[in-house]
Amino acid sequence: MSDSKQRAEYAISVKDVTKVYKLYEKPIDRLKESVSPTHKNYHRDFYALNGLSFNVKKGETVGIIGTNGSGKSTILKIITGVLTPSTGQVQVNGKISALLELGAGFNMDYTGIENIYMNGTMMGYTKKEMEAKLDDILDFAEIGDFVYQPVKTYSSGMFVRLAFALAINVEPEILIVDEALSVGDVFFQSKCYRRMEEIRQSGTTILMVTHDMGSIIKYCDKVVLLHKGEFISQGTPGHMVDLYKKILAGQMDSLRAQLEQERREEELRGAEGRDDAGSRSSQPGTGGAAVTPGGDPDAQMSDFSGGMDLSGGGKPLLMKDQLTINYDRTEYGDGRAEIYDLGLLDERGNITNLLLKGEMFTIRERIRFNAEIQAPIFTFTIKDKMGTELTGTNTMFEGADIKPVKPGDAYTVEFTQKMTLQGGEYLLSMSCTGFEHGEHVVYHRLYNITNVTVISNKNTVGVYDMESQVKAVKEPYRAQPEPTK
Ligand SMILES: Nc1ncnc2c1ncn2[C@@H]1O[C@H](COP(=O)(O)OP(=O)(O)OP(=O)(O)O)[C@@H](O)[C@H]1O
């Protein structure tokens, strides 16, 4: 792409950026190295960022996510010019306003007002221009007379109020926010999010770092995922948050396999010159439990592939490989049945741990049998983090028709329903059980096998939403009767 075209399209362009720090075992090693006549090395190189490249289009809101120490703050500091990269280039097209870690860009001995003017000057505004913005900044910050005190006397909450008020009231073309919001109180946070939404709507480019996955899903058009200084992937927020959760669950190997599979699929699509993404997702049903028996479990993949593309060759990808699986789970059973695969599917048929409140979703279980069983029952339960069972059902309650099975048989079961739990984290358990001679038998049970993250932009009271219909009618004005003495 030509330089001028790049400038027109991208607000930020990061190319092959590396940041290397020299780490010394002992402080004295630094001195030894500097005076060594043979130029002996006393350090090891630490790559805070290693060959990072990504672009941010003008008007886009992009999130950077990753575990602690993955290099998120480092790249923001390089983009804003606080740090210089060891190698690589960053191109910024537009006026940046940044809210980096507390204290960055502020002089601790200056008062709030002095810092406002100093930052304005650094951004290229005249004193007069800043005077015109001052009232908006002070109104937003709501820190009263503290603006006349040196900022070193501020609490962290006051500090973030001033820093945020300043960052968003200077009409930036590019707003960069590094986690700072988590410091403010909840009321200030919500005010900031509302303001950020206005800024976003007005076409400002936003680059944000946060550990709050709800905000990432809600605000970002695109997300870049980093891990230990390396670029892992970029894409839609839902997909990237799923990958991030895999990293959190220590499943880096499975993640690399998934990315490799996605890359192969992408290549294949490119080679075939068609985009078949739409045809890859299966649509879940409209409610209740759906059950499909069959002899060969993998023969059913064509009906229940749920977004899995098997064309990449090699072993078919299991649905559970695309979820965050809890390897520390409790699992038991007499071995006569095995839940060998499971999926959580959103309304669009994507396999994901992230579900939106108010949308239909499907829990899919795939079970194979090693013995004859007259009447197996398939179940699921959703619990909160404290272990309280919130909801669940099974094929017996739902009256699903389950036929007797013999060794080698398999079933795929789907439970489809609306997600009405409030936003938050939940755990999913499932089992295959039955009754034999009046006794409850567990063939296979998986407790807390995976997490369910519910994203909601309207949380009501309690654990679930009854989806109330509200009607409010204003009555004509009537003078109140005088109180009788
Ligand atoms: N001046 C420095 N010298 C040596 N190492 C550094 C320096 N600054 C940062 N690092 C290291 O670089 C890595 C990336 O740091 P960075 O602050 O960018 O991570 P992060 O993704 O923002 O983490 P967090 O989520 O914890 O804020 C970390 O391992 C950090 O210890």
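Residues numbered from 1 in each chain as written. Predicted model: local features only at pLDDT ≥ 70, side-chain atom pairs only at ≥ 80, totals over all residues.

- The protein has the name Teichoic acid transport system ATP-binding protein in an unreviewed UniProt entry, where Enterocloster lavalensis is given as its organism.
- Word for word, the UniProt comment on the protein under Sequence similarities (unreviewed entry) is "Belongs to the ABC transporter superfamily." (UniProt positions renumbered as here; feature names shortened; annotations may be inferred.)

### Topic: the overall build of the protein
Item 1. When you go through the protein residue by residue, the secondary structure sums to ten helices and 19 strands.
Item 2. Taken across its 485 residues, the protein has 34% of its residues classed as buried.
Item 3. In the protein, the proportion of contacts linking residues at least 24 apart, taken out of those at least 6 apart, comes to 73%. (Helix = DSSP H or I, 4+ residues; strand = E, 2+ residues; numbered from the N terminus. Buried ≥ 20, exposed ≤ 12 C-beta atoms within 10 Å, placed from the backbone. Contact = placed C-beta atoms within 7 Å.)

### Details of the site of the ligand
Item 1. The immediate surroundings of the ligand are formed by Tyr21, Phe46, Ala48, Gly66, Asn68, Gly69, Ser70, Gly71, Lys72, Ser73 and Thr74.
Item 2. Considering every element that reaches the shell around the ligand, the biggest residue donor is helix 3 (residues 72-80), with three residues.
Item 3. Of the residues belonging to the shell around the ligand, the class tally is three nonpolar, seven polar and one charged. (Near = placed C-beta within 6 Å. Nonpolar A, V, L, I, M, F, W, Y, C, P; charged D, E, K, R; others polar.)

### Let's talk about the sheet that holds strand 9 (residues 230-235)
Item 1. Reading across from one edge, 5-6-7-3-8-9 is the order of the six strands in this open sheet, with mixed pairing throughout. In this open sheet, the two edge strands, each paired with only one partner strand, are strand 5 (96-99) and strand 9. The mean inter-strand angle of the sheet, taken between neighbouring strand axes irrespective of direction, is 15°.
Item 2. Set on the sheet, helix 6 (residues 156-168) makes contact with strand 5 and strand 6 (174-178); between it and strand 5 the angle comes to about 165°.
Item 3. Contacting strand 3 (61-65), strand 8 (222-227) and strand 9, helix 9 (residues 237-248) crosses the sheet at an angle of about 15° to strand 8. (Pairing = 2+ DSSP bridges. Axes fitted to C-alpha atoms, helices over the stretch in contact; angles between N-to-C directions.)

### Focus: the packing of helix 4 (residues 112-122) against helix 5 (residues 127-141)
Item 1. One can describe the packing of helix 4 onto helix 5 by two numbers: an axis separation of 10 Å at closest approach and a directional angle of 130°. Relative to helix 5, the element helix 4 lies oblique. Viewed along their axes, helix 4 and helix 5 form a crossing whose handedness is right-handed. Note on element contacts: helix 5 touches helix 4 through Lys127, Met130, Leu134 and Ile137, opposite Ile116, Tyr117 and Gly120.
Item 2. Here the residues of the contact of helix 4 with helix 5 are counted per class, giving five nonpolar, one polar and one charged. (Parallel < 35°, antiparallel > 145°, perpendicular 65-115°, else oblique. Left-handed = near helix turned anticlockwise from the far one by under 90°.)

### Points about helix 9
Item 1. Its twelve residues place the ends of helix 9 16 Å apart at the C-alpha level, agreeing with the 16 Å of an ideal helix rising 1.5 Å per residue.
Item 2. Taken together, the buried positions of helix 9 are occupied by Pro237, Gly238, Met240, Val241, Asp242, Leu243, Tyr244, Lys245, Lys246 and Ile247. (Expected span 1.5 Å × (residues − 1).)

### Observations concerning helix 5
Item 1. Between its first and last C-alpha atoms helix 5 spans 20 Å; for 15 residues at 1.5 Å apiece the expected length is 21 Å, and the two agree.
Item 2. Of all bends in helix 5, the biggest is about 40°, found at Lys133.
Item 3. Within the span of helix 5, buried status applies to Met130, Ile137 and Ala141.
Item 4. At its buried positions, helix 5 is contacted by helix 4 and helix 6. (Bend = angle between axes of the 7 residues up to and from the residue.)

### Some details on the sheet that holds strand 1 (residues 10-24)
Item 1. Within the open sheet, the three strands sit side by side as 2-1-4. Their pairing is antiparallel. The open sheet terminates on both sides in strands that have one partner only, identified here as strand 2 (43-57) and strand 4 (87-92). Neighbour to neighbour, the strand axes of the sheet diverge by 20° on average, direction disregarded.
Item 2. Where strand 1 lies against strand 4, five bridges are found, and the strand directions are antiparallel. When the bridges of strand 4 are listed, Ile12 appears paired with Val92.
Item 3. Across the sheet, helix 3 is in contact with strand 1, strand 2 and strand 4; its angle to strand 1 comes to roughly 120°.

### Examining the nonpolar core
Item 1. If you look at the biggest cluster of nonpolar residues, it comprises 100 residues, and the most contacted ones within it are Ile75, Ala167, Ile176 and Leu225.
Item 2. Considering every element that reaches this core, the biggest residue donor is helix 6, with ten residues.
Item 3. Lining this core are residues from two domains, each supplying at least three of them: domain 1 (3-94 + 173-256) and domain 2 (281-455).
Item 4. In contact with Leu225, other than residues within four places in its own chain, are Ile65, Gly66, Ile232, Ser233, Gln234, Met240, Leu243 and Tyr244. (Core = buried A, V, L, I, M, F, W, Y, C linked by C-beta atoms within 7 Å. Domains from an automatic or database assignment.)

### Here we look at the environment of Thr393
Item 1. Of note, Thr393 is situated in strand 16 (residues 389-394).
Item 2. When the C-alpha positions of Thr393 and Phe378 are compared, they lie 8.7 Å apart, and in sequence the two are 15 residues distant.

### As for the environment of Ile176
Item 1. Residue position: Ile176 is located in strand 6.
Item 2. Taking C-alpha positions, Ile176 is 5.7 Å from Met208, a pair spaced 32 residues apart along the chain.
Item 3. Apart from the residues lying within four places of it in its own chain, the contact partners of Ile176 are Leu76, Ile79, Thr80, Ile96, Ala98, Leu99 and Leu207.

### Description of the packing of helix 5 against helix 6
To characterise two packed helices, one gives the angle between the axes of the helices and the distance between these axes.
Item 1. At a minimum axis distance of 8 Å, the contact between helix 5 and helix 6 shows a crossing angle of 140°. If you check the angle between helix 5 and helix 6, you find them oblique. As for the relative orientation of helix 5 and helix 6, their crossing is right-handed in sense. Across the interface between the two elements, Ile137, Phe140 and Ala141 from helix 5 touch Arg161, Leu162, Ala165 and Leu166 from helix 6.

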